[in-house]
Structures are given as C-alpha cells and as structure tokens.
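Summary of the model geometry
Below are the chains, spelled out letter by letter.
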Amino acid sequence: MGGTSTCTLIKNVYSTILLIFSVTIVMGLIFTRQTKLSIDVHPALAFFVLWGLILWLGMVEGGQASLVGLAPINPALYKDSHPTTYISTKVCHVGDNLDRYLMGRQFMVIFIAFCINMSGAPVGGAELWGLPQFIIDIFLVTGFAMILLTCMIGQLATQVNASHCMLDYINTYFAVFTFYTAMAIEFSGLMHVSYFIQKVVGWLAGKPIKSNEPPKSAVQLAFFWFRVLLSAAVLGFSLAVTLEGLFTGNTTMWDGVPNAVALILFFVLMSVVGLLEGMQIAFFAVARLKKSERGNAPFAMKTCELLFRGDGHNLPGFMIGRQLCVVSCFFIIARVTSLNVEPGFGNNIFGVSDGAQNFFNTGLLGAVITTILGSITWQLVASAFPLAFLSNPLVYVFLRICLFLEATGIASGAWVLAALHKRIAGFQRDE
C-alpha cells in the first residue's frame, strides 16, 4: 500500500513539474511572437485567446460529464438547491435534446482544439531562451507542451471534478451559455449529415433509430433534410479545399514533409481518432454485458479480458491514455489541415476572395471534417456494432498503448489540478 502511495506521489509531482514547464515555454513562445496568432495579430490577444479557450474547453468537457450523469436524476430534487443547473437540465433532458447537445459539443471540442493550436503552437524554426535542441524537439516540435497544457488543464482535471460534483459544476451561467452554444451549433445543421450516417448505420445493423419525440411534421421533416443536404455540401466543400491545400503544399504542415506524406498522415490520423472515439463507445456498451454475452471473437475476448481485469482500473486508465492520444492527433490534424495561404498574391485556393481565404486559414474546415468523419461517424458505428468493433486487432493494440501512457503518469498532474480547483470553487460531492 505504501509503495503504491509513493509511486502515485512521484507521478503527481513529476507530471505537475512537466505541466508547469510546458505552460512556461508556451507563454514564452507567445510573448516572443513565435505562434501563428501572436505573429499575425498581437501576443496579448494570443495569450487571452489561449487561456479563454482552455477555460471554455474545461466547461465543455466538464459540462458533458455533468449533463450526461444527471440525465436519469429527477430534476425536482435539485431545482431549488441548484437553480442555474436546472436552467440547462430542464431543456437538455427533454426529448432528444441530450443527443443534440452531444453533437454540438463534439464540434466545439475539436474547433476549440484547433484554435488553441493556432494560439499557442510554435511556428517552424521556433527557438526559446537558448534551450537545448533536444528540449525544443521534445516539447515544441512534437507539440508535447501543448498536449500536456490542453489535456491536463482543459480536459482531465475538469472531467474528474464534474464526474463527482455534477450539480455544482454546471451551476453557473457560463455552463448555461456553453450548453446553449452547443445546441445552437447542432441547430445550424452543420453536422446534420451525421444523422443520415446514423440512419444508414442503424439500417445496416437492423436497429431502427428510436426517438424520444413524436413524429416530425412535414415542415419539420423538410427542414431536417434541408440541413442534411446543406451539411453534406459543407463537408464535401471542406474536403475539396483541404485536399487542394494538401496537394499544393499550402498548409501549416512542418517544413520538409512531402505533400503525399502529409495527405497520408491526414487520413491515418483521422482513422486513429475515429478508432479511439469508437473504442470509448464500444467499451461502455460491453461493460453492461455479462462475460458470456461478449462473443467469442479472439481479439474481442482479449480486449475485454484486459479492459475488465482486476479491480476495474483499466477502464478509467484507458480514458486518460485515450485523451492524450486524441488530443495529440487533434493538434497534428490541425497542423496538417489548416491552410497557410497569404491572401493578395493570387494564390488563393480555387481563386476565392481574400476574405474567403482568410476564413479558410482559420482551420474551421478541418474541424468540420474531423468532427464528422473522424469522430461522430465512428461513434455511431461502434454504438451499433460494439462487439464487431472490438474484434478489430487494432482496438487491442491501441488499448495497450493508452494503458501504457496512463501508467507513465504523464497526466497525473490533472489530479493535483482537480483537487486545487475543487477547493477553490468549493465544489461539494453529489449525494
């Protein structure tokens, strides 16, 4: 027992030191004008945008844990004690609104990650304070500093507190604003092609998609399918622009990487993100099944045996390692897909206006592609075919990778941050 406590303490300490160092060098990059936003606009703006987005990401991640966890709870039990929480839940837990929120929230996470990358990730050839090249390579070139900063402060620490203090965590108007932002994104129809994919997957699985709402009227159906078509058009256009940028070498990809390699890396990383997103869904699905109901496919059995071994620590361990992997992929995809075409020199993609090119350069199109093709689609497939999904040998391989990352303790500083946040905010554990 004492050995375990000592090991945990060591992990917490070294992880926290790594985080402090990572934050320090990212701030150094910003104020020495070595990030995209600090160069294009001003270091002060990059500083406030980065920290504002990190805080917002924390609410997006923590809000999901709270709103999903409170779904089966009678709101009358907390309506008077947590009135601001009730403002969100009274809407979220009606009909299919929780699913709508989750779809909008998924886009928010990816878009925020892309914008954080633009604010704090180093430009090519960045140097800082005479640091040795191997430190530059490890923390800056690979994006390790940004991964630790985003993962521990913006995601894991908030998920820890929100999972145990659901009522207190979203009992703020900031949480209400975040919830309605996600609902507005879903209502816009930007992601609606995902619903079509969901229907196709359900049809293939022989599982018709069930709704908690009455059948749509003719007007509602027309509006729904209009947004599906609009979303499909947006996705197709986003792919066309991004692929054109990759083929012509007009993205923020690292110098020296051939265009063909960047293109392959784009699709490989999208597949890795999708696999990890699907694994999360499939793991929670099989967790509710008896061992005898988990099939007899060799790799599905090996995966389940590893996942549920011992005291069940491997499932939360996977979630931590998965978060590190997913955020790493998000930042690399952001670099691969974000366009880097300077308007006004006749090189605009497809000859669009300078204003349109500036919009393309924000990375929004890459976020749309990643959300639909690298996240939601895989989640839907894993939800419909959890056992078949687990039969993929790569699922077992990535489970091992995620458990290894968690075992290193790289992200253990999140527990320290969560404890500090809980004490400062005065969160009370849900009863």
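First, a word on scope: everything that follows refers to the structure included in this document. Quick caveat: nothing in here was measured; it's all calculated off a predicted structure. Throughout, residues of each chain are indexed from 1 in the direction in which the sequence is written. Selection of residues for local features in this predicted model requires a pLDDT of at least 70, selection of side-chain atom pairs for listing and counting requires 80 or more, and totals for whole chains, interfaces and linings are taken over all residues. Excluded from the side-chain calculations are hydrogens and water; all other atoms, namely the structure's heavy atoms, are used.

**Notes on the overall build of the protein**
- Numbering of helices and strands runs from the N terminus, with a helix taken as a DSSP run of H or I at least four residues long and a strand as a DSSP run of E at least two residues long. When helices and strands are counted, the protein shows 19 helices and zero strands.
- Dimensions of the protein, computed from the C-alpha atoms along their principal axes, are close to 65 × 55 × 50 Å.
- Exposure is judged per residue with a 1.4 Å probe applied to protein chains only, and the accessible area is read against the type maximum: over 50% gives exposed, under 20% gives buried, and values in between give partly exposed. Evaluated residue by residue, the protein yields a buried proportion of 49% over its 431 residues.
- We call two residues contacting when some pair of their heavy atoms lies within 4.5 Å. Nonlocal contacts in the protein, meaning residues at least 24 apart in sequence, comprise 83% of its contacts between residues at least 6 apart.
- Only the protein chains shown count as cover for residues, and the accessible areas themselves come from Shrake-Rupley with a 1.4 Å probe. Element-wise, carbon and sulfur atoms account for 68% of the exposed surface of the protein, whose accessible area totals about 20,100 Å².
- For the purpose of charge, His is not counted, nor are the chain termini; Lys and Arg are scored as positive and Asp and Glu as negative. Charged groups are reduced to one reference atom each: NZ for lysine, CZ for arginine, CG for aspartic acid, CD for glutamic acid. Between the centroid of the 24 positive side chains of the protein and the centroid of its 21 negative side chains there is a distance of 9 Å.

**Quick look at a nonpolar patch on the surface**
- Nonpolar side chains collect at one region of the surface, where Phe196, Val200, Trp203, Leu204, Leu221 and Trp225 lie side by side and expose about 630 Å² of accessible area between them.
- Taken together, the elements giving at least two residues each to the nonpolar patch come down to helix H10 (193-205) and helix H11 (218-247).
- Take the nonpolar patch: its biggest share by element is four residues, from H10.
- Mapped onto the elements of the fold, leucine 204 is located in helix H10. Patch construction takes residues with relative accessible area above 30% that form no salt bridge. Like charges are linked within 9 Å, and nonpolar side chains (Val, Leu, Ile, Met, Phe, Trp, Tyr) are linked within 5 Å. By convention in these notes, a salt bridge is any Lys or Arg side-chain nitrogen within 4 Å of a carboxyl oxygen on Asp or Glu.

**Considering the packing of H10 against helix H16 (residues 364-384)**
- Axis geometry follows a simple rule: fit a line to the C-alpha atoms, using only the stretch in contact for helices, then measure angles between N-to-C directions, giving values from 0 to 180 degrees. One can describe the packing of H10 onto H16 by two numbers: an axis separation of 9 Å at closest approach and a directional angle of 25 degrees. Judged by the angle between their axes, H10 and H16 are roughly parallel. In the crossing of H10 with H16, the sense of the turn from one axis to the other is right-handed. Contact residues: H10 offers Val193, Ser194, Ile197, Gln198, Val201 and Ala205, while H16 offers Ile372, Ile376, Thr377, Leu380, Val381 and Ala384.
- Note on residue classes: Ala, Val, Leu, Ile, Met, Phe, Trp, Tyr, Cys and Pro are nonpolar, Asp, Glu, Lys and Arg are charged, and everything else, Gly too, is polar. For the contact of H10 with H16, the per-class residue count stands at nine nonpolar, three polar and no charged. Oblique is the label for every angle not falling under 35 degrees (roughly parallel), over 145 degrees (roughly antiparallel), or within 65 to 115 degrees (roughly perpendicular). For any helix crossing, the convention is left-handed if the near helix is rotated counterclockwise from the far helix by under a right angle, and right-handed if that rotation is clockwise.

**Points about the nonpolar core**
- Put simply, buried Ala, Val, Leu, Ile, Met, Phe, Trp, Tyr and Cys residues joined by side-chain atoms within 4.5 Å make one nonpolar core. By size, the foremost hydrophobic cluster in this structure holds 118 residues, and its most contacted members are Met279 and Phe283.
- Non-local contacts of methionine 279, meaning those with residues more than four positions away in its chain, are made with Phe318, Phe389, Val395, Phe398 and Leu399.
- Counting residues in each nonpolar core, the second largest holds six residues, with Leu339, Val341, Ile349 and Leu365 among its members.

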